[in-house]
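Letter by letter, the chains look like this.
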Amino acid sequence: MMLPILTPLFEVLACLGFGALILKPLGFARWLRADEIITWSFGLGFGVLGWLTFLFGWAGFFGKLQLAILILSGLPFVILLRQETVSVWRKFCNWTPNLVEKLCLAGIVLVFAFDVIEAIPPPSDADTLAYHFALPKTYLAQERLEFVPRAIDGAVPLLVNMTYVPALALGGERGLTLWTMISGWFAGALFLSLCLRYLTPKWSISTVLIFFTTPAVIYSSGSGHVEVRLTLFAIIGALSVAQAIKTGDWRFALIAGLAAGFFMGGKYTGLLFAAAAGAVILFQRRWLNHGLAMALGGAIAGCQWYLWNWVHTGDPVFPVLYNYLKDIIDYRYWDQAHADSLRDLYFAHETPLERTLLGLISYPFIATLAGLPQFESGRTGFGPLVLLLLPFVTMSIWINRKKILTHEIFPLATILLIFYVTWFLSGSSQKVRHMLPVYPLLLVCFAIASERLVHINFRGPITSVFAATLGLQIVIVMLFSVNSAKYVFYRESNKSYLTRTVSGFSPVPWINNNLSMD
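What you are looking at is a predicted structure, and each value in this text was computed from that prediction instead of being measured. (Residues numbered from 1 in each chain as written. Predicted model: local features only at pLDDT ≥ 70, side-chain atom pairs only at ≥ 80, totals over all residues. Heavy atoms only, no water.)

**Re the overall build of the chain**
For step 1, the next point in the chain: Broken down by element type, the chain carries 26 helices and 0 strands.
For step 2, the next point in the chain: For 518 residues, the compact-globule estimate of 2.2 N^0.38 gives 24 Å, and the chain sits close to it at 23 Å.
For step 3, the next point in the chain: Of all 518 residues assigned to the chain, the portion counted as buried reaches 54%.
For step 4, the next point in the chain: Here the contacts in the chain between residues at least 6 apart in sequence split such that 76% fall between residues at least 24 apart.
For step 5, the next point in the chain: Approximately 23200 Å² of the chain is accessible, and the part contributed by carbon and sulfur atoms is 68%.
For step 6, the next point in the chain: Within the chain, one finds 36 positive and 28 negative side-chain charges whose respective centroids are separated by 12 Å. (Helix = DSSP H or I, 4+ residues; strand = E, 2+ residues; numbered from the N terminus. Rg over C-alpha atoms; globule rule 2.2 N^0.38 Å. Buried < 20%, exposed > 50% of the residue type's maximum accessible area, 1.4 Å probe, protein only. Contact = heavy atoms within 4.5 Å. Areas by Shrake-Rupley, 256 points an atom, 1.4 Å probe, with all protein chains shown as cover. Lys, Arg positive; Asp, Glu negative; His and termini not counted. Charge placed at Lys NZ, Arg CZ, Asp CG, Glu CD.)

**Points about the pattern of salt bridges**
For step 1, the next point in the chain: This structure, assessed with the given rule, holds 17 salt bridges.
For step 2, the next point in the chain: Between Asp35 and Arg33 there is a salt bridge, with the nearest N and O atoms lying 2.8 Å from each other.
For step 3, the next point in the chain: Assessed through its relative accessible area of 25%, Arg33 is described here as partly exposed.
For step 4, the next point in the chain: Residues participating in the shared-partner salt-bridge network are Asp127, Glu227, Lys267, Glu350, Glu376, Lys431 and Arg433. (Salt bridge = Lys/Arg side-chain N within 4 Å of Asp/Glu carboxyl O.)

**Quick look at a nonpolar patch on the surface**
For step 1, the next point in the chain: A surface patch of nonpolar side chains, amounting to about 370 Å² of accessible area, comprises Ile5, Leu6, Leu9, Phe10 and Leu13.
For step 2, the next point in the chain: Relative to the helices and strands, Leu6 is located in helix 1 (residues 2-23). (Patch = residues over 30% accessible without salt bridge, like charges linked within 9 Å, V, L, I, M, F, W, Y side chains within 5 Å.)

**A word on the environment of Arg379**
For step 1, the next point in the chain: Assignment of secondary structure puts Arg379 in helix 20 (residues 377-380).
For step 2, the next point in the chain: Remark: the alpha-carbon pair of Arg379 and Ile476, spanning 97 residues in sequence, is separated by 9.6 Å.
For step 3, the next point in the chain: When near neighbours in sequence (up to four residues on either side) are disregarded, Arg379 contacts Pro215, Ala216 and Tyr219.

**Thoughts on unusual backbone geometry**
For step 1, the next point in the chain: In this chain, Phe318 is followed by Pro319 through a cis amide linkage whose omega measures 0°.
For step 2, the next point in the chain: Summarising the element assignment, Pro319 is placed in the loop between helix 16 (304-313) and helix 17 (322-325).
For step 3, the next point in the chain: Phi at Glu143 takes a positive value of approximately 60°, unusual for a residue other than glycine.
For step 4, the next point in the chain: Topologically, Glu143 is positioned in the loop between helix 7 (134-142) and helix 8 (159-162).
For step 5, the next point in the chain: Positioned with a positive phi, Arg491 is a non-glycine residue whose angle comes to about 50°.
For step 6, the next point in the chain: Turning to its location among the elements, Arg491 is positioned in the loop between helix 24 (439-489) and helix 25 (494-501).
For step 7, the next point in the chain: For Arg491, a relative accessible area of 79% translates into the label exposed.

**Observations regarding the packing of helix 13 (residues 250-266) against helix 14 (residues 269-282)**
For step 1, the next point in the chain: For the pair helix 13 and helix 14, interaxial distance at closest approach is 7 Å and the crossing angle is 160°. Judged by the angle between their axes, helix 13 and helix 14 are roughly antiparallel. For the element pair helix 13 and helix 14, the recorded crossing hand is left-handed. From helix 13, Ala253, Ala260, Phe263 and Met264 reach across to helix 14, where they touch Thr269, Gly270, Leu271, Phe273, Ala274 and Ile281.
For step 2, the next point in the chain: Residues belonging to the contact of helix 13 with helix 14 are distributed by class as follows: 8 nonpolar, 2 polar and no charged. (Axes fitted to C-alpha atoms, helices over the stretch in contact; angles between N-to-C directions. Parallel < 35°, antiparallel > 145°, perpendicular 65-115°, else oblique. Left-handed = near helix turned anticlockwise from the far one by under 90°. Nonpolar A, V, L, I, M, F, W, Y, C, P; charged D, E, K, R; others polar.)

**Quick word on the packing of aromatic side chains**
For step 1, the next point in the chain: Taken as a whole and judged by the stated rule, the model has 38 aromatic pairs.
For step 2, the next point in the chain: With a centroid separation of 4.2 Å and an interplanar angle of 15°, the aromatic rings of Phe112 and Trp185 are classed as stacked. One end of the pair, Phe112, is in helix 5 (residues 99-119); the other, Trp185, is in helix 9 (residues 164-198), and 73 residues separate them in sequence.
For step 3, the next point in the chain: By relative accessible area, Phe112 is classed as partly exposed at 23%.
For step 4, the next point in the chain: Where Phe318 meets Trp334, the ring centres are 5.6 Å apart and the plane angle is 75°; that geometry is what we call edge-to-face. (Phe/Tyr/Trp six-rings, centres within 6.5 Å; stacked < 30°, edge-to-face > 60°.)

**So, the side chain of Ser204**
For step 1, the next point in the chain: Within the secondary structure layout, Ser204 lies in helix 10 (residues 201-212).
For step 2, the next point in the chain: Among the polar contacts listed, one links the side chain of Ser204 to the backbone oxygen of Leu199, at a separation of 3.5 Å.
For step 3, the next point in the chain: Aside from chain neighbours lying at most four places away, what touches Ser204 is Leu192, Cys195, Leu196 and Leu199. (Polar contact = N/O pair within 3.5 Å; in protein donor to acceptor, adjacent residues only side chain to side chain.)

**What about helix 16?**
For step 1, the next point in the chain: Here helix 16 has its buried residues at Gln304, Trp305, Tyr306, Trp308, Asn309 and Thr313.
For step 2, the next point in the chain: Next to the buried residues of helix 16 lie helix 2 (34-58), helix 8, helix 13, helix 14 and helix 15 (287-302).
For step 3, the next point in the chain: Taken from the residues just after helix 16, Gly314 is the one with a positive phi, measuring 85°.

**Digging into the packing of helix 5 against helix 24**
For step 1, the next point in the chain: Direction vectors running N to C along helix 5 and helix 24 enclose 35°, while the axes themselves pass 8 Å from each other. Seen from above, helix 5 lies across helix 24 with left-handed handedness. Seen from helix 5, the contacting residues are Leu110, Phe114, Ile117 and Glu118; seen from helix 24, they are Ile474, Val477, Met478, Phe480, Ser481, Ser484, Ala485, Val488 and Phe489.
For step 2, the next point in the chain: Counted by class, the contact of helix 5 with helix 24 contains 10 nonpolar, 2 polar and 1 charged residues.

**Regarding the side chain of Glu118**
For step 1, the next point in the chain: One can find Glu118 in helix 5.
For step 2, the next point in the chain: Arg229 provides the closest opposite charge to the buried, unpaired Glu118, separated from it by 11 Å.
For step 3, the next point in the chain: Engagement of the side chain of Glu118 in a polar contact is seen with the side chain of Ser481, the distance being 2.5 Å.
For step 4, the next point in the chain: With near-sequence residues (within four places) excluded, Glu118 lies in contact with Ile218, Val477, Phe480, Ser481 and Ser484.

**Let's talk about the environment of Thr200**
For step 1, the next point in the chain: Looking at the element boundaries, Thr200 is found in the loop between helix 9 and helix 10.
For step 2, the next point in the chain: Between the C-alpha atoms of Thr200 and Glu451, which are 251 residues apart in sequence, the distance is 9.1 Å.

**Concerning the state of the cysteines**
For step 1, the next point in the chain: Applying the stated rule across the entire model yields 0 disulfides.
For step 2, the next point in the chain: Lacking any disulfide linkage, Cys445 is separated from the closest cysteine sulfur, that of Cys195, by 10 Å. (Disulfide = S-S within 2.5 Å.)

**Considerations on the environment of Glu143**
For step 1, the next point in the chain: Taking the relative accessible area as the measure of exposure, Glu143 reaches 46% and is therefore partly exposed.
For step 2, the next point in the chain: For the pair Glu143 and Tyr490, spaced 347 residues apart in sequence, the C-alpha separation works out to 37 Å.
For step 3, the next point in the chain: In contact with Glu143, other than residues within four places in its own chain, are Gly60, Phe61 and Phe62.

Laid out in structure tokens, this is it:
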């Protein structure tokens, strides 16, 4: 029983160590608070762990001993964070929360308790079973990384999924589900450190509780879905761009490139984030030095999976460039029929709104209020907060319009806007959760605008919006956890749980018992 618990804890320490090895030698303690050093270390270390695990798999080192050595190699560097850890602990012990802060902390503890309950049953989410957890299991069986030429799930960037490999190898299925749970918590911790940079503790904790109870986060954080964990890279990348512009230091541009590269290595949408962050970096007076530093960081952190695809198919973003490269390279795994099917069946179904200015503007409203099944916003949406706050945020922007362009948050908002526009117009899937990696940027921008408006006598309406949203979303958390709670408290068998949870599971036990491998 200890290995499933110890494995994710050791992975956390390894991530902290790997990240500290980047931040501390570069001298970031002079700019970042102690809590930011810790949370940034985890975020960057998470990317490093996925990056290194790829190399181990490529070399055929997916045995338990080699993966244990990989995790243990990051532990000694945790000592670099000793000063920050003591500082954060002392600050926490000397903090006296007010009533609102106590209630929000209680809400976060409640959410964490439900997260633990949800981490105990076997995985049952469709995408998780199809490839998020299935591919790492396949790699471990082969003891090496294998190229899977299956569009959409197999031949996509899998940096986040690489962190699942040591968790599964050393901690088993339970260790893997606990790892996804804990890494989701660190995404919230990093978001808290971002909020504390601009907001009071009360506003920060309230906003983070909104994040933790957002339906898309509830759905994704405990499963194999990568979006929640990609928020680590989006937050660090966007804030690093803002700090590079503010301080003029190239080291922030380098970190922005590393974060964008890790995002690229985790999902194709990371290419859009890298383009958005890069555009903002280039539109400032130190554009050349910062641009080169960011490009270097992005190339180092994000090249692996694209080189992997290029070596095996000739297409670095297989099969996206098929129509452009089909006359140049030999697509052994793809042809025109596959391309037509992908366009006419998959993407046509997943993009119900036309790529027009009207569609661009109306998407957030339709996704929230209409809930088309293609958006999956009924169960994985962002909740009502953004639309409810929109009138107040619009008013706040108008009142503070002369200060917006010089505010430190403006680069984050610009990256968010560019990412959204390019994502929608690119023709990729319009599922709401694909915007989840940059959702914290939207939340913090709306929270800042709302907090500024509270000071001019809008406290009642804005407080009501936050309270109503939190009440609704906490109820959703509880309802979502009922299924897992039945498994935990009624001591249900895995077979019984999966039979009532996974569509079409009933024939699987018979197939496994009666059909041979051939």
